[in-house]
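# Secondary and tertiary structure notes
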Amino acid sequence: MRFHILGLILLASATAPAPAQTRPETVERRIERLEQQLRAVQRRVFPNGQAQFVEPEIPADVQAVMGGAPRGDAMTNLNDRVDALEAQLRSLTGQVEEQGNRTRQIEDGLARLRTDLGARLDRLEPPLRPAAALPEPAIEAPAFQAPRAPAAAIDSAEEAYNVGYRLWDRRRFAEAQTALEAAAVRYPNSRWTSWMRNIQGRAYLDDNKPATAARILLANYQANPRGERAADSLFYLGNALTRLNRRAEACRVYDELAQVYPNMRDFIRTRLPEARTAARCSAAN
């Protein structure tokens, strides 16, 4: 960040008018140019106007000697002004570095959460059986199917997801878990895989198996963070951790949800405050 600020100052210097490059600048002009450069840096670093610029005024005795050699008292005032500008630059640089350190600490903490959570869940509940050992689900006719254009091909992955979803919706959780596991294995690269794993995790959560649910939901988020139900999986992961009495980790998950998916769908956004309250998360977060 320090190099970035220096680059902004150098850029501002490079755009100085041609006459300033052909004759020596007065001390006052140099101070004014430095102030302009500092304002430009502040606008880039604090776009919302959070910083306050220190602007000592030029006293009358300094203005009286503009273009000539400053007298003793005028020189003192000029030095005070330069000192104020330098102090402002040091303060600005320190704030930028502090913010960068805080951001790195948050990112490191979230990374540790993602890598450590799987091992902790394994100790709470055994992993799932291998997917290959699961029986193939019987494909049921959908209760409702949106009309398709005659030339549109039927998406088998979507149909497989619908089977598992209907089982979950009917609270046949064990059958839904089996059907969705088989569907996700059969269609690992489909856009519907994100949906399958999310509902599979919710089926385990509703079946009072929060540790297994957490493992599936975490894996769904990690494997495809751009999946259409990755944000949902992160939300229900927080629910599962709350059920496991791991409230601090649940709050960190909710923090990551808000940070990674600021445009989460309204279904999740409206439920997030209540979920944070259930996990006893700090209001400051």
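Preceding this section is the structure that the text describes.
So, a few notes on the structure that sits alongside this text. (Residues numbered from 1 in each chain as written. Predicted model: local features only at pLDDT ≥ 70, side-chain atom pairs only at ≥ 80, totals over all residues. Heavy atoms only, no water.)

## Points about the state of the cysteines
All told, the structure shown has one disulfide when counted by the stated rule. Note that Cys251 is cross-linked by a disulfide to Cys281, the S-S spacing being 2.0 Å. Across the S-S bond linking Cys251 and Cys281, the dihedral sits near -100 degrees, which makes this disulfide left-handed. Taken together, the residues span a long stretch of sequence, with Cys251 in helix α11 (residues 247–260) and Cys281 in the segment after α13 (272–278) at a distance of 30 residues. As far as burial versus exposure is concerned, Cys251 and Cys281 are alike and both buried. (Disulfide = S-S within 2.5 Å. Helix = DSSP H or I, 4+ residues; strand = E, 2+ residues; numbered from the N terminus. Buried < 20%, exposed > 50% of the residue type's maximum accessible area, 1.4 Å probe, protein only.)

## Thoughts on the nonpolar core
Counting 28 residues, the largest nonpolar core has Leu234, Phe235, Leu237, Tyr254, Leu257 and Tyr261 as its most contacted members. If you list the elements that add at least two residues to this core, you get α8 (192–206), α9 (210–223), α10 (230–243), α11 and α13. It is α10 that provides the largest number of residues to this core, a total of eight residues. Residues in contact with Leu234, not counting those within four places in the same chain, are Tyr221, Val253, Glu256, Leu257 and Tyr261. Ranked by size, the runner-up nonpolar core spans 17 residues in total, among them Ala160, Tyr161, Ala176 and Ala184. (Core = buried A, V, L, I, M, F, W, Y, C linked by side-chain atoms within 4.5 Å. Contact = heavy atoms within 4.5 Å.)

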